[in-house]
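Read off the chains here:
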Amino acid sequence: VNLRALTSWVGITRLFAVVLSCLTFSLVASTGNFEAPYGTWCMFTWCFCFAVTLLVLLLELLELYSLLPLSWDDFTSAFSMLAALMVFTSSVIFPATFISSPCSSNRCARQAVATTTSCLCFLAYAVEVALTRAKPGDISSFLSTVPGLLKVFEAYVACLIFSLLDKYNEQPGLMWCVAVYSICFIITLLIIIFTIGRCLTYIPCPLEKMLVGYNFLALLMYLTATVLWPLYSFRGRSRPDSCSQNCWWNKHLGITFLTIFNLIAYLVDLVYSTRMVFV
């Protein structure tokens, strides 16, 4: 038994994340009000993060992780980053969707407390990401470096874009943007999977330079999507007077901002990757 898995700073943050995520989904479940796609997504996020974090703690406590055919440090770094992003998204979506004003009922109070614990859970995962991030010059675990963490961010933002896609078959420019999101997502996801599965060493080419080239290409592709998506989405079309949560205008505006976020992420990724390889 490795008690350091629970007593180290990383272990303590994981324990906080387990308790807070469990408390969050328990409070939301007690209200019985988490239907519809957004509520289902939030509940899945808290339950998924709770289960995987608890599994990570048990495997490290019993020192069984070395038996798994994967890079454990890469897996835990990628998961902590993914969990932080998922819980942050849920912490924003849940109160915006389910908490109404004025908040005076008992159910609303529990929803407010659940939102607070969800935000604290996000902070716990963010602290874990900071604690496990590779120090300058240490590249033994790629997904714990800044470029590796950005790969997880880029893939997650692409998933958010896919969830908002609506009516893009009518315009060739929008179809190109969807192709950009899909191609970059698939390649980025393969990089993450191959890194965790220790398969990158089998690629018969200079891996570091290949990643720099891919980041440059992805940056150019996202640059075109950043221009074409709002151009073809909003040209000659104003916001409808009655625009609810599922309104196409809101979804396309959200995709515009998410595209900009990923463009910035790929730019920072390119800068850090270039420094790691050539500097």
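Quantities reported herein were computed from a predicted structural model and do not represent experimental measurements.

Focus on the overall build of the protein chain
Here is step 1 of the chain: When helices and strands are counted, the protein chain shows nine helices and zero strands.
Here is step 2 of the chain: N-terminal to C-terminal, the α/β element order of the protein chain is α-α-α-α-α-α-α-α-α.
Here is step 3 of the chain: Its C-alpha atoms give the protein chain principal-axis dimensions of roughly 60 × 55 × 25 Å.
Here is step 4 of the chain: Here the protein chain, with 279 residues, has 45% of them falling under the buried criterion.
Here is step 5 of the chain: Taking contacts inside the protein chain between residues at least 6 apart in sequence as the whole, the part at least 24 apart equals 77%.
Here is step 6 of the chain: Summing over all exposed atoms, the protein chain offers an accessible surface of approximately 14400 Å²; the carbon and sulfur share of this is 71%.
Here is step 7 of the chain: Of note, the protein chain has its 15 positive side-chain charges centred 6 Å away from the centre of its 13 negative side-chain charges.

Quick notes on the state of the cysteines
Here is step 1 of the chain: Summed over all chains, the structure comprises zero disulfides.
Here is step 2 of the chain: The cysteine Cys22 is free of any disulfide, with Cys47 supplying the nearest cysteine sulfur at 8.8 Å.
Here is step 3 of the chain: Taking relative accessible area as the criterion, Cys22 reaches 28% and is therefore assigned partly exposed.

Overview of the nonpolar core
Here is step 1 of the chain: One finds Tyr125, Ile161, Tyr181, Cys184, Tyr222 and Trp229 to be the most contacted residues of the largest nonpolar core, which totals 57 residues.
Here is step 2 of the chain: For Tyr125, the contacting residues outside a window of four places in its chain are Ala17, Cys49, Phe50, Thr53, Phe79, Ser80, Ala83, Ala84 and Val87.
Here is step 3 of the chain: Counting nine residues, the second largest nonpolar core, distinct from the first, contains Val28, Cys42, Phe94 and Phe98.

A look at the side chain of Thr226
Here is step 1 of the chain: Tracing the backbone through its elements, the reader meets Thr226 in helix H8 (residues 207–234).
Here is step 2 of the chain: In contact with Thr226, other than residues within four places in its own chain, are Thr259, Ile260 and Leu263.

Overview of the packing of helix H4 (residues 72–98) against helix H5 (residues 106–132)
Here is step 1 of the chain: Between H4 and H5, whose axes approach to 8 Å, the crossing angle comes to 160°. Classified by the angle between their axes, H4 and H5 sit roughly antiparallel to one another. Here H4 runs over H5; the crossing is left-handed.

Here we look at the domain arrangement of the protein chain
The figure often quoted for interface size is the accessible area lost as the parts come together.
Here is step 1 of the chain: On domain assignment, one finds that the protein chain holds domain 1 (1–137) and domain 2 (141–278).
Here is step 2 of the chain: Computed over C-alpha atoms, the centres of domain 1 and domain 2 are 25 Å apart.
Here is step 3 of the chain: Regarding the contact of domain 1 and domain 2, the summed buried area is about 1600 Å², with carbon and sulfur atoms giving 66% of it.
Here is step 4 of the chain: Taken together, the links from domain 1 to domain 2 amount to zero salt bridges.
Here is step 5 of the chain: In this assembly, domain 1 and domain 2 are joined by five residue pairs in polar contact (both at pLDDT 80 or more).
Here is step 6 of the chain: Going through the elements one at a time, helix H3 (36–61), H4 and H5 are the ones with two or more residues in the side of domain 1 that touches domain 2.

As for the pattern of salt bridges
Note on pairing: side chains with opposite charge can pair once their charged atoms come close.
Here is step 1 of the chain: Using the criterion set out here, one finds three salt bridges in the structure.
Here is step 2 of the chain: The shortest N-O distance in the salt bridge between Glu60 and Arg14 comes to 3.0 Å. Remark: Arg14 occurs in helix H2 (residues 9–31) and Glu60 occurs in helix H3; sequence separation between them is 46 residues. Both residues of the pair, Glu60 and Arg14, belong to the buried class.
Here is step 3 of the chain: For the salt bridge of Asp269 with Lys151, the shortest nitrogen-to-oxygen distance reads 2.5 Å. Highlighted residues: Asp269 in helix H9 (residues 248–278) and Lys151 in helix H6 (residues 146–164), separated in sequence by 118 residues.
Here is step 4 of the chain: Salt bridges here are not isolated pairs; linked through shared partners, they connect Arg14, Glu60 and Glu128.

Some remarks on the packing of aromatic side chains
Here is step 1 of the chain: This model, assessed by the stated rule, comprises 15 aromatic pairs.
Here is step 2 of the chain: Summarising the aromatic geometry, the rings of Phe44 and Phe48 are spaced 5.5 Å apart at their centres and angled 20° between planes, so their arrangement reads as stacked. Here Phe44 and its partner Phe48 are both found in helix H3, four residues apart, which amounts to about one turn of the helix.
Here is step 3 of the chain: Aromatic side chains Phe48 and Phe79 sit 6.1 Å apart centroid to centroid with 70° between the ring planes, which places their arrangement in the edge-to-face category. In this pair, Phe48 sits in helix H3 while Phe79 sits in helix H4, placing the two residues 31 residues apart along the sequence.

What counts and what doesn't
- Residues numbered from 1 in each chain as written.
- Predicted model: local features only at pLDDT ≥ 70, side-chain atom pairs only at ≥ 80, totals over all residues.
- Heavy atoms only, no water.
- Helix = DSSP H or I, 4+ residues; strand = E, 2+ residues; numbered from the N terminus.
- Buried < 20%, exposed > 50% of the residue type's maximum accessible area, 1.4 Å probe, protein only.
- Contact = heavy atoms within 4.5 Å.
- Areas by Shrake-Rupley, 256 points an atom, 1.4 Å probe, with all protein chains shown as cover.
- Lys, Arg positive; Asp, Glu negative; His and termini not counted.
- Charge placed at Lys NZ, Arg CZ, Asp CG, Glu CD.
- Disulfide = S-S within 2.5 Å.
- Core = buried A, V, L, I, M, F, W, Y, C linked by side-chain atoms within 4.5 Å.
- Axes fitted to C-alpha atoms, helices over the stretch in contact; angles between N-to-C directions.
- Parallel < 35°, antiparallel > 145°, perpendicular 65-115°, else oblique.
- Left-handed = near helix turned anticlockwise from the far one by under 90°.
- Domains from an automatic or database assignment.
- Buried area = accessible area lost by both parts, 1.4 Å probe.
- Salt bridge = Lys/Arg side-chain N within 4 Å of Asp/Glu carboxyl O.
- Polar contact = N/O pair within 3.5 Å; in protein donor to acceptor, adjacent residues only side chain to side chain.
- Phe/Tyr/Trp six-rings, centres within 6.5 Å; stacked < 30°, edge-to-face > 60°.

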